[in-house]
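# A look at the structure
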Amino acid sequence: MDLILRHANLPDGRRDIDIGIRDGRIVAVETALAATAAEEIDASGRLVSPPFVDAHFHLDSALSLGLPRLNRSGTLLEGIALWGELKPDLTREAIARRALDYCDMAVAQGLLAIRSHVDICDDRLLAVDALLEVRRQVAPYLDLQLVAFPQDGLLRSATAQDNLARALDRGVDVVGGIPHFERTMADGAESVRILCELAAARGLLVDMHCDESDDPHSRHIETLAAQSQRLGLHGRVAGSHLTSMHSMDNYYVSKLLPLIAESGVAAIANPLINITLQGRHDTYPKRRGMTRVPELLAAGVDVAFGHDCVMDPWYSFGSADMLEVAHMGIHVAQMTSQEAIRQAFDAVTTNAARILHLDGYGLAVGCRANLVVLQAADPFEAIRLKATRLYVLRGGRVIARSPARLSELDLPGRPARVTLQSGHGA
């Protein structure tokens, strides 16, 4: 074998497991693996997980904070206006440079798959061309999936439909949309129909910004689910944000949840952004804004979390850390049971990978040997501590490593000592 990870804990609760790797694939997952390898890593009871997956991001705007100016109000609408101001000054080179810098950040955090929406409403398609080149460059170490996103509205923007088709022709992977940003509810529903029919005709996946609003009457998720059913897109469609569901009455939601589940539409929540941008018209009580994650999960809907933005016109913070995203999701959705905490971990790993249709993802024999060794014993501890990524592996090769985080204590009246971040040893 090329590599064996010894004494690993796995996310499903198995402990003291050895993982054997050959030719970039997992070939053994068992206790006390009787084999040798060119290299061995002793996980020493730490968590080994498949890599983190960001199911919703905007790589074309990442790390653009302050261009052309800061978002003074911190609101969604000012962020959209800022992006409109910045677009004329964008260059393909600058977009690619920032995107590559972000991908480096992501790899260091064990984030090896990203679905990024790319704005196609600029007739030059600069961002599309830049991110297609970035996708090519990062392919050896990161899976980058691109969504053709009509930021200004498919019907509201005069050239959006032609631009979206051009972006797909150039190799963009997924059909996107933003129905709640169209001028009327009817236009929003019509945009969903057009886009789903386009995806069906081309055999593509769909991921729409859907109902990113506090308006309980923004119900485009219903149309998205119905179109998915009508066109046989089961398992190929995702609705991102879905924040209006937080404000809907319970009776309507009791009808909506089964429709989403039956249609096979997945839900992608963005805890950091949803909690920041929604509820801006409220005084108190103030709505959290994130969609109904526990209820969606209970209904059998696949739910993933996305980071959405990092240091851009909409969000000044962020560090490509999907454990931070899961941590916020747990707090906002009150997912504090042990099962719910595991579901939050799944929302940034296995669930997200399933929604993106990632090939060979996981910890089973035959899966790609893309793995993260975390300075934590289990998913709960990983999220609680936002654990250090000790090793990041791609195809069985270590591509990033970080030293274990230590604390050196020298307190008056107490013996000096060193403790590990996770508390497992001293």
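Preceding this paragraph is the structure being described.
Here is a short report on the structure shown in this document. (Residues numbered from 1 in each chain as written. Predicted model: local features only at pLDDT ≥ 70, side-chain atom pairs only at ≥ 80, totals over all residues. Heavy atoms only, no water.)

### Overview of the packing of helix H4 (residues 160–170) against helix H5 (residues 185–202)
Our working definition: Only the contacting stretch of a helix is used when fitting its axis, a line to C-alpha atoms as for every element, and angles between N-to-C directions run 0 to 180 degrees. Here a helix means four or more residues in a row that DSSP labels H or I, a strand means two or more in a row labelled E, and each is numbered from the N terminus. An angle counts as roughly parallel when it lies under 35 degrees, as roughly antiparallel when it exceeds 145, as roughly perpendicular when it falls between 65 and 115, and as oblique in every other case. Left-handed is the label given to a crossing in which the near helix is rotated counterclockwise from the far helix by less than a right angle, and right-handed is the label when the rotation is clockwise. We call two residues in contact whenever any of their non-hydrogen atoms come within 4.5 Å of each other. When residues are grouped by polarity, Ala, Val, Leu, Ile, Met, Phe, Trp, Tyr, Cys and Pro land in nonpolar, Asp, Glu, Lys and Arg in charged, and all others, Gly among them, in polar.
Put simply, H4 and H5 touch, their axes get as near as 13 Å, and they point 25° apart. Here H4 lies roughly parallel to H5, going by the angle between them. In this structure, the crossing between H4 and H5 has a hand that is right-handed. Judged by residue contacts, Gln 161, Leu 164, Ala 165, Leu 168 and Asp 169 of H4 engage Ile 194, Leu 195, Leu 198 and Arg 202 from H5. Here the residues of the contact of H4 with H5 sort into six nonpolar, one polar and two charged.

### Side note on unusual backbone geometry
Of note, the bond from Leu 67 into Pro 68 is cis; its omega dihedral lies within 30 degrees of zero at -10°. Take Pro 68: it is sitting in the loop between strand E6 (52–57) and helix H1 (76–86). Of note, the amide linkage connecting Tyr 284 to Pro 285 takes the cis form, showing an omega dihedral of 0°. Among the structural elements, Pro 285 can be located in the loop between helix H8 (271–277) and helix H9 (293–298).

### Observations regarding the nonpolar core
In plain terms, the rule: Note on terminology: a nonpolar core comprises buried Ala, Val, Leu, Ile, Met, Phe, Trp, Tyr and Cys residues joined through side-chain atoms within 4.5 Å. Think of it in three bands: residues with accessible area under 20% of the maximum for their type are buried, residues over 50% are exposed, and the middle band is partly exposed, with areas taken using a 1.4 Å probe on protein chains only.
Counting residues in hydrophobic clusters, the biggest one holds 107 residues, and the most contacted among them are Tyr 102 and Leu 224. The biggest single contributor to this core is helix H3 (residues 126–138), with eight residues. Core analysis: the second largest hydrophobic core is formed by 20 residues, Leu 3, Ala 8, Ile 19 and Leu 390 among them.

### Notes on the side chain of Asp 207
To keep it simple, the criterion reads: For the purposes of these results, a polar contact is taken to be a pair of N or O atoms within 3.5 Å, where, inside protein, one atom must be able to donate a hydrogen and its partner to accept one; residues adjacent in sequence count only when each atom of the pair is a side-chain atom.
Considering the arrangement of structural elements, one finds Asp 207 in strand E10 (residues 205–210). In this structure the side chain of Asp 207 is engaged in a polar contact, spanning 2.7 Å, whose partner is the side chain of Ser 240. Aside from chain neighbours lying at most four places away, what touches Asp 207 is Ala 55, Arg 115, His 117, Val 147, Val 174, Val 175, Gly 176, Gly 177, Ala 238, Ser 240 and Ile 268.

### Observations concerning the pairing of strand E7 (residues 111–119)
Inclusion rule: Note on pairing: DSSP must find at least two bridges between two strands before they are called paired.
Within E7, nine of the nine residues are buried, leaving the element largely enclosed by the surrounding structure. Bridge count between E6 and E7: four bridges; the pairing is parallel. Within E7, the residue paired with Phe 52 across the bridge is Leu 111. Relative to strand E8 (residues 143–149), E7 runs parallel, the two sharing seven bridges. Directly across from Ala 113, in E8, lies its bridge partner Asp 143.

Any functional reading would require information that these geometric values do not contain.
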